[in-house]
Amino acid sequence: MAFDFKKEYKEFYAPTKKPGIITAPRMKYVAARGQGDPNEKDGAYQRAINVLYGVAYTVKMSKMGNYKIAGYFDYVVPPLEGFWRANTPDGLFTGDKSALAWISCIRLPDFVTEDVFRWAVEEATRKKKADFSQAEFLTVEEGLCVQCMHVGSYDAEPETIAVMRDYAESLGYEFDLSDERRHHEIYLSDPRRVATEKLKTVVRLPIREA
């Protein structure tokens, strides 16, 4: 049976709707950076997602070809994720999506090295005859964070974030957002197939002792 990150690491992919404190370890991603409204039709964000999935599935399906990856195991491609930063003093979204800076990403298994990643980008480019140069091999160690499950519209996340802030502050922590430590979201639902009020999103925010 294919390894499923969501099932094996429930502490990172299946939190409750009540906030909790976690320490997120080092993880590898295929990523693409940009700025602007993610809902823009055929915009930079939508194009970046195509790049991510192209590389992610090239790695997964390498088992079908001649390129053999040391330590490879079959796995379910993890969900789309995003690291976000708004052009505000605290880096949190306030409503102006055009000013959002984002790093869209998909987690990669630990067996993916920089050499494997370069091969995947070249292979995706060759097979799909498209430009995958935007793809970036990204390693992130988030460390101490507060997280919870947000259910509903993405635009309603500020309400959930307010609850997370209150919880963190009650334990002696404060948000620690910066260019390096960003608002993190993991998208467990496909908005094309799931009603807005049922969308499930893991919301994770970096914290430090106050």
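Residues numbered from 1 in each chain as written. Predicted model: local features only at pLDDT ≥ 70, side-chain atom pairs only at ≥ 80, totals over all residues. Heavy atoms only, no water.

1. Quick word on the environment of Thr113
At step 1: Following the sequence through the fold, Thr113 ends up in the loop between strand 3 (101-108) and helix 4 (114-128).
At step 2: Classification of Thr113 by relative accessible area gives partly exposed; the value is 38%.
At step 3: Taking the C-alpha atoms as reference points, Thr113 and Lys28, separated by 85 residues in sequence, lie 9.1 Å from one another. (Helix = DSSP H or I, 4+ residues; strand = E, 2+ residues; numbered from the N terminus. Buried < 20%, exposed > 50% of the residue type's maximum accessible area, 1.4 Å probe, protein only.)

2. Brief notes about the pairing of strand 3
Each regular strand shows side chains that alternate between the opposite faces of the sheet.
At step 1: Among the eight residues in strand 3, eight count as buried, and that is most of the element.
At step 2: What you see with strand 3 is no split at all: Ala101, Ile103, Cys105 and Arg107 on one side and Trp102, Ser104, Ile106 and Leu108 on the other are buried throughout.
At step 3: Across eight bridges, strand 1 (residues 20-35) lies against strand 3 in antiparallel orientation. Bridge assignment links Val30 to a residue of strand 3, and that residue is Ile106.
At step 4: Where strand 2 (residues 80-85) lies against strand 3, six bridges are found, and the strand directions are antiparallel. When the bridges of strand 3 are listed, Glu81 appears paired with Cys105. (Pairing = 2+ DSSP bridges.)

3. Concerning the packing of helix 3 (residues 44-60) against helix 4
Angle between the axes and distance between the axes are the two parameters that describe a pair of packed helices.
At step 1: Two elements in contact, helix 3 and helix 4, have axes whose closest approach is 9 Å; the angle formed by their N-to-C orientations is 110 degrees. Between helix 3 and helix 4, the angle falls in the class roughly perpendicular. For the pair formed by helix 3 and helix 4, the contact residues are Gly54, Val55, Thr58 and Val59 on the first element and Phe117, Trp119, Ala120, Val121, Glu123, Ala124 and Lys128 on the second.
At step 2: Across the contact of helix 3 with helix 4, the residue classes break down as seven nonpolar, two polar and two charged. (Axes fitted to C-alpha atoms, helices over the stretch in contact; angles between N-to-C directions. Parallel < 35°, antiparallel > 145°, perpendicular 65-115°, else oblique. Contact = heavy atoms within 4.5 Å. Nonpolar A, V, L, I, M, F, W, Y, C, P; charged D, E, K, R; others polar.)

4. Focus on the state of the cysteines
At step 1: For the structure on display, the rule yields zero disulfides.
At step 2: Left without a disulfide partner, Cys105 is nearest to the cysteine sulfur of Cys145, which lies 13 Å away.
At step 3: Of all cysteine sulfurs, the one in Cys148 lies closest to Cys145, which takes part in no disulfide; the gap is 12 Å. (Disulfide = S-S within 2.5 Å.)

5. Regarding the layout of surface pockets
At step 1: In this structure, the largest pocket spans a volume of roughly 1,100 Å³.
At step 2: Residue lining of the largest pocket: 40 residues in total, with Tyr45, Leu80, Tyr154, Tyr187 and Pro191 positioned closest to the centre.
At step 3: Of all the secondary-structure elements, those providing two or more residues to the lining of the largest pocket are helix 3, strand 2, helix 5 (157-170) and strand 6 (183-187).
At step 4: When residues in the lining of the largest pocket are grouped by element, the largest group, six residues, is from helix 3. (1 Å grid on protein atoms, 1.4 Å probe; cavity = no way out; pocket = protein on both sides within 12 Å on 5 of 7 lines; lining within 4 Å. Points joined across faces, edges and corners; volume = space filled by probe spheres on them.)

6. With respect to the environment of Thr125
At step 1: With respect to the secondary-structure elements, Thr125 resides in helix 4.
At step 2: Counting along the chain gives 94 residues from Thr125 to Ala31, while the straight-line C-alpha distance between them is 16 Å.
At step 3: For Thr125, the contacting residues outside a window of four places in its chain are Ala130 and Phe132.

7. A word on the nonpolar core
At step 1: Counting 48 residues, the largest nonpolar core has Val30, Val55 and Phe117 as its most contacted members.
At step 2: Broken down by secondary-structure element, the contributors of at least two residues to this core are helix 2 (10-13), strand 1, helix 3, strand 2, strand 3, helix 4, strand 4 (136-151) and strand 6.
At step 3: Looking at which element gives the most residues to this core, the answer is helix 3, with eight residues.
At step 4: Those residues in contact with Phe117, other than ones at most four positions away along the chain, are Val30, Val55, Leu108, Val112, Ala135, Glu136 and Phe137.
At step 5: Listed in part, the 12 residues of the second largest apolar core include Leu92, Val146, Cys148 and Ile161. (Core = buried A, V, L, I, M, F, W, Y, C linked by side-chain atoms within 4.5 Å.)

8. Describing helix 5
At step 1: In this model helix 5 runs 20 Å from its N-terminal to its C-terminal C-alpha over 14 residues, within 8% of the 20 Å that 1.5 Å per residue would give.
At step 2: When we look at burial in helix 5, the residues that qualify are Glu157, Thr160, Ile161, Met164 and Ala168. The buried side chains of helix 5 occupy one side of the element, clustering within an arc of 100 degrees when seen end-on. In helix 5, those exposed residues whose orientation departs by more than 90 degrees from the buried face are Glu159, Asp166 and Ser170.
At step 3: Residues of helix 5 that are buried sit in contact with strand 4, strand 5 (173-175), strand 6 and strand 7 (200-209).
At step 4: Positive phi shows up at Gly172, right after helix 5, with a value of about 90 degrees. (Expected span 1.5 Å × (residues − 1). Arc of directions from axis to C-beta.)

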